[in-house]
Amino acid sequence: MVDYNLIEDLKLQDGEVERMLREAYGEKVAKGEMDALISQEISGLAPGSILKGRVVGFAGDHVVVDVGLKSEGHIDRNEFEDIDVAVGDEVEVLLESLEDESGGVRLSKRKADRIRGWEMILQTRKEGDVIEGKCLRKIKGGLLVDIGVPVFLPASQVDVRRPGDIGEFVGKPMRAMILKIDEERRNIVISRRKLIEDERDAAKKRLLEGVREGDLVRGIITNVADFGAFVDLGGIDGLLHITDMSWGRVNHPSEIVRIGDEIEVKILNIDREREKIALGLKQKETSPWEQIEAKYPVGCRAKGEVVNLMSYGAFVRLEEGIEGLVHISEMSWTRRVNHPSELVSVGQEIDVVVLDINKEKLEISLGVKQTEVNPWELVAEKYPTGTVIEGKVRNLANYGAFIEIEPGIDGLLHVSDISWTKKVAHPNELYKKGDVVKCVVIDVDQEKQRVGLGVKQLTEDPWVEAIPSAYRPGMIVKGKITKITNFGVFVELEEGLEGLLHISELSDQKVENPQDVVKVGQEVEVKILRVDTDDRKIGLSLKRAQWGTGAGEQRSGGSGGGDEFDRPARGGRASPARGGLDDHGAMGSDRFSF
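Residues numbered from 1 in each chain as written. Predicted model: local features only at pLDDT ≥ 70, side-chain atom pairs only at ≥ 80, totals over all residues. Heavy atoms only, no water.

Secondary structure assignment for the protein yields 9 helices and 30 strands. A separation of at least 24 residues holds for 58% of the contacts in the protein among residues at least 6 apart in sequence. With the model as given, the accessible surface of the protein reaches about 33600 Å², and the carbon-plus-sulfur share is 45%. (Helix = DSSP H or I, 4+ residues; strand = E, 2+ residues; numbered from the N terminus. Contact = heavy atoms within 4.5 Å. Areas by Shrake-Rupley, 256 points an atom, 1.4 Å probe, with all protein chains shown as cover.)

Okay, here's the thing in structure tokens:
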């Protein structure tokens, strides 16, 4: 049957159709065969069909293509991407409409290519295959990539680390892996990230199997941090620590490398279990520390540049890769340095002396004060033991006062060397900062740089002769209560001299609390029981003084034994022997002036 509706759509007359078919299939065609051929030919030209055409010319920005119909189709030149089209070329096009608004045939090469591409993809590709394409544009959620047909690349699958702007891939070729093919919806999802991860895993395995410690390898700097840089060795990133970048000082890795740099590094360590590689750049060169002892022997003098200051000292560069520390304690013999900046500054060239070398730790200790004469070497000569000096109190501590002998040289006046008789708990009881004090040098320790001073040594020790002769056991003396404790009472016999009145010597009755018997500031008469010159102590008794002196007692005192400490005999009270602060003048205050 002849499809007259189709003939009407094509606006062909029956005679024209018959003539065209006879020209195509020969003159001798039966009527029934003619109807079948007309139906077959017309139905093959339905919209959506892919036709073969020939380029017959150009009209402005359009390519004119003849597909064998009554009129040619005009196709936008942009649809012939990357093709240098010429008259006579055969092309496949999609018939979109038999007649457009201008009466011509509407054709599309791009749509024909996509249909063929889709068919080709379904025939030759499967999920997991690697494909190549060109990124067309950025769309919602990712990128559109042309691999013969437009496919979707999600933003999360663009790279291992999601880039800041995925638009930077637009217009660039890329390789990716097919994740999913949806034939029904004609949709394909691809992943560049998955391909990179798989290729890196394979490369990582090959790399770990093929390299050894000590090998030189090349890589690309992928990241720079404060502690170092990561180098892509092709499948695995190695860490180039900041301490392994240069034998010299590196304040930040960016001084040595930048992202994208290709460098050659040495493999220092491989942790195959954790898949980590430590790299070194400075190890490619000979360490300047190799001959350090020969070049800078201990005790030698050298010049260096101050490169850094810390609270504890200054770092000095002797040469590239060799830096030493001048500790704050090695900066001056006499000056008290609170911070290195008080003496040196960064960039300053100074003279130093090598004090110590630790080759294993790559450390060298330097000194500045050793370049000058040590004034402490002259202290023993200038201030021998027994020298009397006058100095200003520079500082006070719990254990004594520091007296400035000369600028930078201090001596210690210990609390135990302030008075022969007075117990000094803190030097601030007698001195304050700035006071000028007269002292005697009692000891010089040149090695520890210490000078011991004394005030009491300016006078004779009263415990040698004055006190034992003025205060003898058996004497009755007057004193003032200065302190009360749970074990007894301290009695001041004269300024700077105290004796102990034990609780058991307060009364004939048992005393639980000394304050029930005496009060601070009260004057009492006490009997001397003993005078201990070795421990510098005087033992006293209140109750024995109150007994009085019996007929058999020694009036002049004694060595502290026998009857003189017993109760007096009945029948009278003789005057006891007296001494100390009493008005007989056994020992006046002048006894302590030497």
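Right, let's get into helix α4 (residues 109-124). Residues spaced three or four apart along an α-helix face the same direction, because each turn holds 3.6 residues. The terminal C-alpha atoms of α4 lie 22 Å apart, and with 16 residues this matches the ideal 22 Å at 1.5 Å per residue to within 8%. When we look at burial in α4, the residues that qualify are Lys 109, Ala 112, Gly 117, Trp 118 and Ile 121. Looking at the packing, one finds that the buried side of α4 touches β1 (50-59), β3 (73-76), β4 (90-97), β5 (106-108), β9 (173-182) and β10 (187-191). (Expected span 1.5 Å × (residues − 1). Buried < 20%, exposed > 50% of the residue type's maximum accessible area, 1.4 Å probe, protein only.)

Moving on to the sheet that holds strand β17 (residues 313-319). What the 5 strands build is a closed barrel, ordered β16-β17-β18-β20-β19; its pairing is mixed. Averaged over all adjacent pairs, the angle separating strand axes in this sheet is 50°, with direction ignored. Across 5 bridges, strand β16 (residues 301-310) lies against strand β19 (residues 349-358) in antiparallel orientation. The residue of β19 that forms the bridge with Arg 301 is Val 353. (Pairing = 2+ DSSP bridges. Axes fitted to C-alpha atoms, helices over the stretch in contact; angles between N-to-C directions.)

To continue, consider the layout of surface pockets. There is about 620 Å³ of room inside the largest pocket. Residue lining of the largest pocket: 26 residues in total, with Arg 249, Trp 289, Phe 315, Glu 323 and Leu 362 positioned closest to the centre. (1 Å grid on protein atoms, 1.4 Å probe; cavity = no way out; pocket = protein on both sides within 12 Å on 5 of 7 lines; lining within 4 Å. Points joined across faces, edges and corners; volume = space filled by probe spheres on them.)

Confidence in the prediction of the protein, expressed as mean pLDDT, is 80, and 84% of residues score 70 or more. Every residue in residues 1-10 is under pLDDT 50, and counting partners more than four places away or in other chains gives 16 contacts. (pLDDT = per-residue confidence, 0-100.)

Moving on: the pattern of salt bridges. A full pass over the atoms with the stated rule returns 30 salt bridges. Among the salt bridges present, the one from Glu 96 reaches Lys 111, with a minimum N-O distance of 2.5 Å. Here Glu 96, found in strand β4, pairs with Lys 111, found in helix α4; they are 15 residues apart in sequence, far enough to count as distant. By relative accessible area, Glu 96 is classed as partly exposed at 27%. We classify Lys 111 as partly exposed; its relative accessible area is 40%. Two residues, Glu 323 and Arg 249, come together in a salt bridge whose shortest N-O distance is 2.8 Å. Placement of the pair is Glu 323 in strand β18 (residues 322-327) and Arg 249 in the loop between β13 (237-241) and β14 (262-271), with a sequence separation of 74 residues. (Salt bridge = Lys/Arg side-chain N within 4 Å of Asp/Glu carboxyl O.)

With 19 residues, helix α5 (residues 192-210) extends 27 Å from end C-alpha to end C-alpha; this agrees with the ideal 27 Å at 1.5 Å per step. Next to the buried residues of α5 lie β6 (130-139), β8 (150-154), β9, β10, β14 and β15 (276-280). Sitting at the head of α5, Ser 191 places a side-chain oxygen 3.4 Å from the backbone nitrogen of Arg 193. (Polar contact = N/O pair within 3.5 Å; in protein donor to acceptor, adjacent residues only side chain to side chain.)

One face of the sheet, then the other: side chains in a regular strand alternate in exactly this way. As judged from the 5 bridges shared by β6 and β9, these two strands associate in the antiparallel manner. The partner of Ile 131 across the bridge, within β9, is Ala 176. Bridging between β6 and strand β7 (residues 142-146) involves 5 bridges; their strand directions are antiparallel. Residue pairing for β7: Lys 138 is matched across the bridge by Leu 143. Hairpin geometry of β6 and β7 is characterised by an intervening segment of 2 residues between the two adjacent antiparallel strands and by a positive phi of about 90° at Gly 141.

Moving on, we get to the packing of aromatic side chains. If you walk through the whole model with that rule in mind, you get 4 aromatic pairs. On the numbers, 6.1 Å between centres and 85° between planes, the contact of Phe 227 with Phe 230 is edge-to-face. Each ring, one from Phe 487 and one from Phe 490, has its centre 6.3 Å from the other, and the planes form 85°; the classification is edge-to-face. Seen from the ring of Phe 315, Arg 249 lies directly overhead, with NZ or CZ sitting 5.3 Å from the centre. (Phe/Tyr/Trp six-rings, centres within 6.5 Å; stacked < 30°, edge-to-face > 60°. Lys NZ or Arg CZ within 6 Å of the ring centre and 35° of its normal.)

Below, the discussion takes up unusual backbone geometry. The phi dihedral of Glu 275 is positive, around 55°, even though this residue is not glycine. Residue placement: Glu 275 occurs in the loop between β14 and β15. Although it is not a glycine, Arg 536 adopts a positive phi angle of roughly 60°. Within the secondary structure layout, Arg 536 lies in the loop between β29 (523-532) and β30 (537-541).

Turning next to the side chain of Lys 369. Mapped onto the fold, Lys 369 is located in the loop between β20 (363-367) and α7 (376-382). Ignoring sequence-local partners within four residues, the contact set of Lys 369 consists of Ser 329, Glu 330, Met 331, Ser 332 and Trp 333.

Read from one edge to the other, the open sheet built from 5 strands follows the order β3-β2-β1-β4-β5, with strand pairing classed as antiparallel. Two strands close off the open sheet at either side, each with one partner strand: β3 and β5. The mean angle between the axes of side-by-side strands here comes to 55°, regardless of whether they run parallel or antiparallel. Lying on the sheet, α4 is in contact with β1, β3, β4 and β5; it crosses β4 at an angle near 105°.

A few words on the environment of Ser 332. Note that Ser 332 resides in the loop between β18 and β19. In sequence terms Ser 332 and Gln 370 are 38 residues apart; their C-alpha atoms lie 8.3 Å from each other.

If you trace the backbone, Asp 410 turns up in strand β23 (residues 409-414). Not counting residues up to four positions away in its chain, the partners in contact with Asp 410 are Arg 336, Trp 376, Arg 394, Ile 403, Glu 404, Ile 405 and Val 451. Here Arg 394 takes part through its side chain, which lies 2.3 Å from a polar atom of the side chain of Asp 410.

Right, let's talk about the pairing of β10 for a bit. Most of β10 is tucked away, with 4 of its 5 residues classed as buried. Linking β9 back to β10 in an antiparallel pair, the connection comprises 4 residues, with Arg 186 at a positive phi of about 50°.

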